[in-house]
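# Reading the structure
Read off the chains here:
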Amino acid sequence: MTPTPSRKTPVTAGKTPIDKPIVLVGLMGVGKSTIGRRLANRLGLPFVDSDDEIEAAAGMQVGELFENYGEDYFRDGERRVIARLIDGSVKVIATGGGAFVNDETRSLILKDAMAIWLDADIDVLAERVSRRDTRPLVRDTDPKMVLSELAAKRNQYYAQAPIHVQSGEGAHEDTVDRIMEALAQ
Ligand code: S3P
């Protein structure tokens, strides 16, 4: 994991100090990694992606982890990696779509971080996930159906995030603007 550089100036959104890690949660394809990287840039903070960290720790892609060891093994790694990333240092963390469903991970994020639910219409998500075949849960499936089922199960958890921002088809920077506004409230 990249060590967090020490900062001399406090990070703020407007006048609001950012003194906790910011954690992006939400379904696959919503843009947690892309938006997260841009948000981190805007705030001058480090960015980490929990799936990348799991892959680095396992020396294997998420798809291979699912295939070789099963989803439960992946979920256990995901829980441990996120607990390690929430170490008190301020950064932006993009999580995999299932991370916030885990009770332990969700409690930790709600206690020690600032969770942001990035949300979009199922059609937009389905179109985005269809562009790549790296996600085991939607590989060889009807992505719209799978994403609708996941939304029905998971939205109750994502809704516990104190900030809810739409990430539609518009420019990523517009979504970052909306997050910055919400953080400044
Ligand atoms: C998953 C989402 C993926 C990845 C894994 C499982 C999920 O991450 O963690 O394929 O359960 O929704 P993204 O949300 O970044 O695609």
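This text follows the structure it describes.
Residues numbered from 1 in each chain as written. Predicted model: local features only at pLDDT ≥ 70, side-chain atom pairs only at ≥ 80, totals over all residues. Heavy atoms only, no water.

### Regarding the overall build of the chain
Regarding its fold elements, the chain presents eight helices and seven strands. On C-alpha atoms alone, the chain measures out to a radius of gyration of 16 Å, which is about the 16 Å that the 2.2 N^0.38 rule sets for 185 residues. With the principal axes as the frame, the chain shows a C-alpha extent of 50 × 35 × 25 Å. Out of the 185 residues in the chain, the part that is buried amounts to 46%. Considering only residue pairs separated by 6 or more positions, the chain has 74% of its internal contacts joining residues 24 or more positions apart. Approximately 9,500 Å² of the chain is accessible, and the part contributed by carbon and sulfur atoms is 48%. Taken together, the 24 basic and 29 acidic charged side chains of the chain have centroids lying 5 Å from each other. (Helix = DSSP H or I, 4+ residues; strand = E, 2+ residues; numbered from the N terminus. Rg over C-alpha atoms; globule rule 2.2 N^0.38 Å. Buried < 20%, exposed > 50% of the residue type's maximum accessible area, 1.4 Å probe, protein only. Contact = heavy atoms within 4.5 Å. Areas by Shrake-Rupley, 256 points an atom, 1.4 Å probe, with all protein chains shown as cover. Lys, Arg positive; Asp, Glu negative; His and termini not counted. Charge placed at Lys NZ, Arg CZ, Asp CG, Glu CD.)

### A closer look at the site of the ligand
Around the ligand, 13 residues are found, and the nearest of them are Lys 32, Asp 51, Arg 75, Arg 135 and Arg 154. For the ligand, an oxygen atom lies 2.7 Å from a polar atom in the side chain of Lys 32. The contact in question runs from an oxygen atom of the ligand to an N or O atom on the backbone of Gly 97, over 2.8 Å. In the complex, 94% of the free accessible area of the ligand, which totals 390 Å², lies under the protein chains. Class assignment for the residues of the shell around the ligand results in five nonpolar, three polar and five charged. (Near = heavy atom within 4 Å. Polar contact = N/O pair within 3.5 Å; in protein donor to acceptor, adjacent residues only side chain to side chain. Nonpolar A, V, L, I, M, F, W, Y, C, P; charged D, E, K, R; others polar.)

### A few points about the pattern of salt bridges
Here the idea is simple: oppositely charged side chains can pair when their charged atoms come close. Applying the stated criterion to the full structure yields 15 salt bridges. A salt bridge links Arg 38 to Glu 173; the nearest nitrogen and oxygen atoms lie 3.1 Å apart. Residue Arg 38 is located in helix α1 (residues 32-43), and its partner Glu 173 is located in helix α8 (residues 172-184); the two are separated by 135 residues in the primary sequence. Glu 173 sits in the partly exposed class, given a relative accessible area of 31%. Arg 131 is the partner of Glu 127 in a salt bridge, and the nearest nitrogen-oxygen pair spans 2.8 Å. On the basis of relative accessibility, which here comes to 59%, the residue Arg 131 falls in the exposed class. One network of salt bridges, with partners in common, ties together Arg 38, Arg 42, Glu 173 and Asp 177. (Salt bridge = Lys/Arg side-chain N within 4 Å of Asp/Glu carboxyl O.)

### So, the nonpolar core
Soluble globular proteins tend to pack their nonpolar side chains together in the buried interior. Counting residues in hydrophobic clusters, the biggest one holds 58 residues, and the most contacted among them are Ile 18, Ile 22, Leu 43, Ile 179 and Leu 183. Counting residues per element, this core draws most heavily on helix α7 (residues 143-158), which supplies five residues. Setting aside residues up to four positions removed in sequence, Ile 18 forms contacts with Val 11, Thr 12, Ala 13, Leu 43, Leu 45, Val 90 and Leu 183. (Core = buried A, V, L, I, M, F, W, Y, C linked by side-chain atoms within 4.5 Å.)

### Observations concerning the pairing of strand β3 (residues 22-25)
Burial along β3 is two-sided: Ile 22 and Leu 24 facing one way and Val 23 and Val 25 facing the other are all buried. In this sheet, strand β5 (residues 92-94) lies alongside β3 in parallel orientation, the contact comprising three bridges. Within the sheet, the bridge partner assigned to Ile 22 lies in β5 and is Val 92. Alignment of β3 against strand β6 (residues 114-119), held across four bridges, turns out to be parallel. (Pairing = 2+ DSSP bridges.)

### Let's talk about the packing of helix α4 (residues 71-85) against helix α5 (residues 103-112)
Between α4 and α5, the shortest axis-to-axis distance is 10 Å and the interhelical angle comes to 15 degrees. Classified by the interaxial angle, the pair formed by α4 and α5 is roughly parallel. Between α4 and α5 the crossing geometry is left-handed. Of the residues in α5, those touching α4 at Arg 79, Ile 82 and Ala 83 are Glu 104, Thr 105, Leu 108 and Ile 109. (Axes fitted to C-alpha atoms, helices over the stretch in contact; angles between N-to-C directions. Parallel < 35°, antiparallel > 145°, perpendicular 65-115°, else oblique. Left-handed = near helix turned anticlockwise from the far one by under 90°.)

### Remarks on the environment of Arg 178
Relative to the assigned elements, Arg 178 resides in helix α8. With eleven residues separating them in the primary sequence, Arg 178 and Ser 167 have C-alpha atoms 9.1 Å apart. In this view, Arg 178 contacts Val 165, Gln 166, Ser 167 and Gly 168; residues no more than four positions away in its chain are not counted. Engagement of the side chain of Arg 178 in a polar contact is seen with the backbone oxygen of Gln 166, the distance being 2.8 Å.

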